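# Summary of the model geometry
Listed here are the chains, written in short residue letters.
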Amino acid sequence: MHNNLDLYAKVEDLLGVEEVAPSLYKYYSDYLKTIEFNSILDIGCGSGEFLLAIEREFNPKNILGVDLSNIMIQKAKDKGVNAKAINISNLDEKFEVITAVFDMLNYLNRPSLIEFLQSVENILSDDGIFMLDINSLDGFESVAVGSYIVDDDKRFLTIDSYFTDEIYYSDFTLFTKENTLYKKEQEVINQYFYTIKEIESHTSLKLIEAKNISLYQEVDDKIFLIFKK
Ligand SMILES: C[S@@+](CC[C@H](N)C(=O)[O-])C[C@H]1O[C@@H](n2cnc3c(N)ncnc32)[C@H](O)[C@@H]1O
């Protein structure tokens, strides 16, 4: 159903995400060390690495990851993570901590963002915490714009990215070797730039922290946010 997210899932391991992810996850775990919690929902959980780290460090009773890519959810399940391919508007249990890690929120267009923030509010326990990181304007403008080509034994991937009118377009083309032939898949993934003010304007959750992050060591490419109900 979500072909573009599934294509991303097929190539994420070629993108160098694994190397930088632990330093991003640390912002989340540093805050979690300061509170007590029994339940956590990770939205856009991807292949489940974040939740595995949370389980190892905090061992909360109730852990759930959701993602719209079936391929990602299968990868998470294969690692033993409790994960489901569903939209959060279909969840009815509440969580004390909700996370959206590695610029998941930037994948939402404006109507989806508004609906998403409403759903988060509905499924967050009273006094619950919603933590996320978003791409900054500098992050969109300077870090990942241009062409990227990478291959391994079986796959040849090109990504052409550009940022205009607050939308970041990434055109993914993947060739996968099948015997002596290559299968071609192509999808565009959009990300949307949002200011902190705009996010705040769509939610009644209270912003209690905003921290600049330099994940790729060039500019402050991300912002880490903590909201409280
Ligand atoms: C950059 S990846 C981050 C994955 C993971 N959170 C991590 O830290 O490695 C963004 C993830 O968000 C998922 N995603 C995008 N839109 C979504 C939505 N509306 N609901 C749930 N997941 C979504 C994608 O499938 C992808 O797995």
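Here we summarise the structure given alongside this text. (Residues numbered from 1 in each chain as written. Predicted model: local features only at pLDDT ≥ 70, side-chain atom pairs only at ≥ 80, totals over all residues.)

## Remarks on the sheet that holds strand 1 (residues 39–43)
Our working definition: At least two DSSP bridges between two strands are needed for those strands to be called paired. Going along the chain from the N terminus, every DSSP run of H or I of four or more residues is numbered as a helix, and every run of E of two or more is numbered as a strand. Placing C-beta atoms from the backbone, we regard two residues as in contact once those atoms come within 7 Å. Between N-to-C directions, angles cover 0 to 180 degrees, with each direction set by a line fitted to C-alpha atoms, over the stretch in contact for helices.
With mixed pairing, seven strands are arranged side by side in an open sheet as 3-2-1-4-5-11-10. Looking at strand neighbours, the two that pair on one side only are strand 3 (83–84) and strand 10 (206–213), the edges of this open sheet. Bridging between strand 10 and strand 11 (residues 222–228) involves seven bridges; their strand directions are antiparallel. Looking at the pairing, N212 lines up with I223 of strand 11. In the packing of helix 3 (residues 49–58) onto the sheet, the strands contacted are strand 1 and strand 2 (62–66), and the crossing angle to strand 2 comes to about 170°. Along the sheet, helix 5 (residues 110–123) makes contact with strand 4 (95–100) and strand 5 (124–135), crossing strand 5 at roughly 145°.

## Some remarks on the site of the ligand
Rules: Being near a molecule or strand means, for a residue, that its C-beta atom, positioned from the backbone, comes within 6 Å of it. Each residue is assigned to one class: nonpolar for Ala, Val, Leu, Ile, Met, Phe, Trp, Tyr, Cys and Pro, charged for Asp, Glu, Lys and Arg, and polar for all the others, Gly among them.
What surrounds the ligand is a group of 19 residues, the closest being L5, G44, G46, F102 and Y107. Per-class residue counts for the shell around the ligand are 13 nonpolar, three polar and three charged.

## As for unusual backbone geometry
Test applied: The exposure scheme places C-beta atoms from the backbone and then counts, for each residue, the other C-beta atoms within 10 Å of its own, assigning buried at 20 or more, exposed at 12 or fewer, and partly exposed in between.
Although it is not a glycine, D165 sits at a positive phi angle of roughly 50°. Mapping D165 onto the fold places it in the loop between strand 7 (155–164) and strand 8 (167–178). Positioned with a positive phi, N179 is a non-glycine residue whose angle comes to about 55°. Its 5 C-beta neighbours within 10 Å are what place N179 among the exposed residues.

## Considerations on the sheet that holds strand 6 (residues 146–151)
Strand order in the open sheet formed by four strands is 6-7-8-9, with antiparallel pairing between adjacent strands. Both edges of this open sheet fall to strand 6 and strand 9 (181–192), since each of them pairs with a single strand only. Looking at each pair of strands side by side, their axes are set apart by 15° on average, direction ignored. Pairing geometry for strand 6 and strand 7, over six bridges, is antiparallel. Paired with Y148 across the bridge in strand 7 is I159.

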